[in-house]
Amino acid sequence: MKKTFTEEQIALALHQTERTSVEDVTRHLGISQATFYRWKSKYGGLLPSEVKRLKLIEEENRKLKQLVAELSPR
């Protein structure tokens, strides 16, 4: 069964490596190191609150792009 993590949980996991090893974090979460490093490349040094804001901005951007596409002549 595949686990699903929120962006806030991912950011928290990334920050946990400041206190413990990547191996400990991945083992605790039950994820591969490849998944951890994929998260790291996407969310980098963002705090959980910043990740939430990023998600809101990405959603707003998606909606704006959709509106532009609908209003653009074909």
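What counts and how
Residues numbered from 1 in each chain as written. Predicted model: local features only at pLDDT ≥ 70, side-chain atom pairs only at ≥ 80, totals over all residues. Heavy atoms only, no water. Helix = DSSP H or I, 4+ residues; strand = E, 2+ residues; numbered from the N terminus. Rg over C-alpha atoms; globule rule 2.2 N^0.38 Å. Patch = residues over 30% accessible without salt bridge, like charges linked within 9 Å, V, L, I, M, F, W, Y side chains within 5 Å. Areas by Shrake-Rupley, 256 points an atom, 1.4 Å probe, with all protein chains shown as cover. Salt bridge = Lys/Arg side-chain N within 4 Å of Asp/Glu carboxyl O. Buried < 20%, exposed > 50% of the residue type's maximum accessible area, 1.4 Å probe, protein only. Contact = heavy atoms within 4.5 Å. pLDDT = per-residue confidence, 0-100. Polar contact = N/O pair within 3.5 Å; in protein donor to acceptor, adjacent residues only side chain to side chain.

1. Comments concerning the overall build of the protein chain
The number of helices and strands found in the protein chain is four helices and zero strands. Ordered by position from the N terminus, the helices and strands of the protein chain form the series α-α-α-α. Taken over the C-alpha trace, the protein chain has a radius of gyration of 16 Å; the compact-globule value for 74 residues is 11 Å, which it surpasses by more than 25%. In terms of overall dimensions, the protein chain has C-alpha extents of about 55 × 25 × 15 Å along its principal axes.

2. Focus on a nonpolar patch on the surface
A cluster of nonpolar side chains, L64, L67 and L71, forms an exposed patch at the surface whose accessible area comes to about 330 Å². Looking at where L71 falls in the secondary structure, it is placed in helix α4 (residues 48-71). The class of L71 is exposed, set by a relative accessible area of 72%.

3. Some points on the pattern of salt bridges
Summed over all chains, the structure comprises three salt bridges. K55 serves as the salt-bridge partner of E7, at 3.4 Å between the closest nitrogen and oxygen. Residue E7 is located in helix α1 (residues 7-16), and its partner K55 is located in helix α4; the two are separated by 48 residues in the primary sequence. Look at E7 and you get buried, because its relative accessible area is 18%.

4. Section: the environment of R27
Looking at the secondary structure, you find R27 in helix α2 (residues 22-29). In this structure the C-alpha to C-alpha distance between R27 and Q66, which are 39 residues apart in sequence, comes to 40 Å.

5. Here we look at α1
Those residues of α1 that sit buried are E7, I10, A11, A13, L14 and H15. Its buried side turned inward, α1 meets α2, α3 (33-43) and α4.

6. Considering the confidence of the model for the protein chain
The share of residues in the protein chain with pLDDT of 70 or more is 97%, and the mean pLDDT across the chain is 89. Mean pLDDT values over the elements of the protein chain span from 88, in α1, up to 95, in α2.

7. What about the side chain of T26?
Relative to the assigned elements, T26 resides in helix α2. According to the relative accessible area criterion, T26 is buried, its value standing at 5%. Among the polar contacts listed, one links the side chain of T26 to the backbone oxygen of E23, at a separation of 3.0 Å. With near-sequence residues (within four places) excluded, T26 lies in contact with I31, S32, Q33 and F36.

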